[in-house]
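Chain by chain, the residues run as shown.
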Amino acid sequence: TGNTSLYVAFLLGIIALVLLACVVLRFDTIRQYGNKLLKRLNMSELDQSPTSKDFALWIGLYSLPWLFAGGSLYFAIQGVTESVPITMGNALVISILASLVSLLNLIIPGGLGLKEVSMTALLLPWMPASVAILFSLSYRLLHTVDEVIWALIALCIPNPAKIAPTQEAVNHLSQEN
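Residues numbered from 1 in each chain as written. Predicted model: local features only at pLDDT ≥ 70, side-chain atom pairs only at ≥ 80, totals over all residues. Heavy atoms only, no water.

Chemist: When you look at the pattern of salt bridges in this model, what are you seeing that I'm missing?
Modeler: Oppositely charged side chains are able to pair whenever their charged atoms sit close together. Summed over all chains, the structure comprises two salt bridges. Where Arg140 meets Glu116, a salt bridge forms, and the shortest distance between an N and an O atom there is 2.3 Å. Placement of the pair is Arg140 in helix α5 (residues 129-156) and Glu116 in helix α4 (residues 114-123), with a sequence separation of 24 residues. Owing to a relative accessible area of 10%, Glu116 belongs among the buried residues under this scheme. (Salt bridge = Lys/Arg side-chain N within 4 Å of Asp/Glu carboxyl O. Helix = DSSP H or I, 4+ residues; strand = E, 2+ residues; numbered from the N terminus. Buried < 20%, exposed > 50% of the residue type's maximum accessible area, 1.4 Å probe, protein only.)

Structure, rendered in structure tokens:
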């Protein structure tokens, strides 16, 4: 439909802007600004610029959670009710826009709830306000539980910086020097 075409065009426009920004800024500029930030955080600076392959991989990996969030929103809506005629494209755009609005939490004091309010507003064409509010809050709870599970999994992964090297690794390094 016309709305889906508009959403696809919107997403392609965002991707084009990101790619254009990468070309205009160049990787050396990104490294320079990154090093300024790292210096302020008292962290070691990057000694080389990312390659275009590194950057493409980063963009691809960073895009996956946004796409999965849109897909999970679509399937969550379809799982709750069959009477909502929302498409995967609409759910993807709603999820992305609500997530982008939630980034305002970084600059707006007390910005909690921005994602839920924006998601509720974006869902209103397909469902009553009470259902949209309930769904947005339930969806936030689901994602909070998901983030807690991943944080617990991350805690179980050993930190390589805290693991003492094996004697074999020490001998190998000393032979190289």
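Chemist: Help me out: how do you make sense of the confidence of the model for the protein in this one?
Modeler: As a general rule, the predicted coordinates of low-pLDDT regions are not to be interpreted in detail. Residue-level pLDDT values for the protein average 76, and 73% of them are 70 or greater. Considering each helix and strand of the protein separately, the mean pLDDT is smallest for helix α1 (residues 2-40), with a value of 70, and largest for α5, with 85. (pLDDT = per-residue confidence, 0-100.)

Chemist: What is the right way to read the nonpolar core from this model?
Modeler: As a rule of thumb, nonpolar side chains are buried together in soluble globular proteins. Of all hydrophobic cores here, the largest spans 17 residues; its most connected members are Leu73, Ile77, Ile86 and Leu123. Elements that contribute at least two residues to this core include exactly α2 (52-80), α3 (88-102), α4 and α5. Tallying contributions element by element places α2 first for this core, with five residues. The residues touching Leu73, leaving out its near neighbours within four places in the chain, are Ala91, Ile94, Ser95, Met119, Phe135 and Tyr139. (Core = buried A, V, L, I, M, F, W, Y, C linked by side-chain atoms within 4.5 Å. Contact = heavy atoms within 4.5 Å.)

Chemist: Quick question: what am I supposed to make of empty space enclosed by the protein here?
Modeler: It is the rolling of a water-molecule-sized probe over the atoms that shows where space remains empty. All chains considered together, the criterion is met by two cavities of 30 Å³ or more. Around the largest cavity, the lining residues are Lys115, Glu116, Met119, Ser136, Tyr139, Arg140 and His143. Counting residues per element, the ones that place at least two in the lining of the largest cavity are α4 and α5. With four residues, α5 is the largest single contributor of residues to the lining of the largest cavity. A class-by-class count of the residues in the lining of the largest cavity yields two nonpolar, two polar and three charged. A volume near 30 Å³ is recorded for the second largest cavity. (1 Å grid on protein atoms, 1.4 Å probe; cavity = no way out; pocket = protein on both sides within 12 Å on 5 of 7 lines; lining within 4 Å. Points joined across faces, edges and corners; volume = space filled by probe spheres on them. Nonpolar A, V, L, I, M, F, W, Y, C, P; charged D, E, K, R; others polar.)

Chemist: Before we go on, may I ask you to explain the packing of aromatic side chains in this structure?
Modeler: The tally for this structure, following the rule as stated, stands at two aromatic pairs. The interplanar angle of 75° and the centroid separation of 5.1 Å between the aromatic rings of Tyr74 and Phe75 together place this pair among those described as edge-to-face. Of the residues examined, Phe75 reaches a relative accessible area of 56% and is grouped as exposed. Ring geometry for Phe135 versus Tyr139: centroids 6.0 Å apart, planes at 15°, classification stacked. On the criterion of helical spacing, the pair formed by Phe135 and Tyr139 is a turn pair, its members being four residues apart in helix α5. The two residues Phe135 and Tyr139 agree in class, both being buried. (Phe/Tyr/Trp six-rings, centres within 6.5 Å; stacked < 30°, edge-to-face > 60°.)

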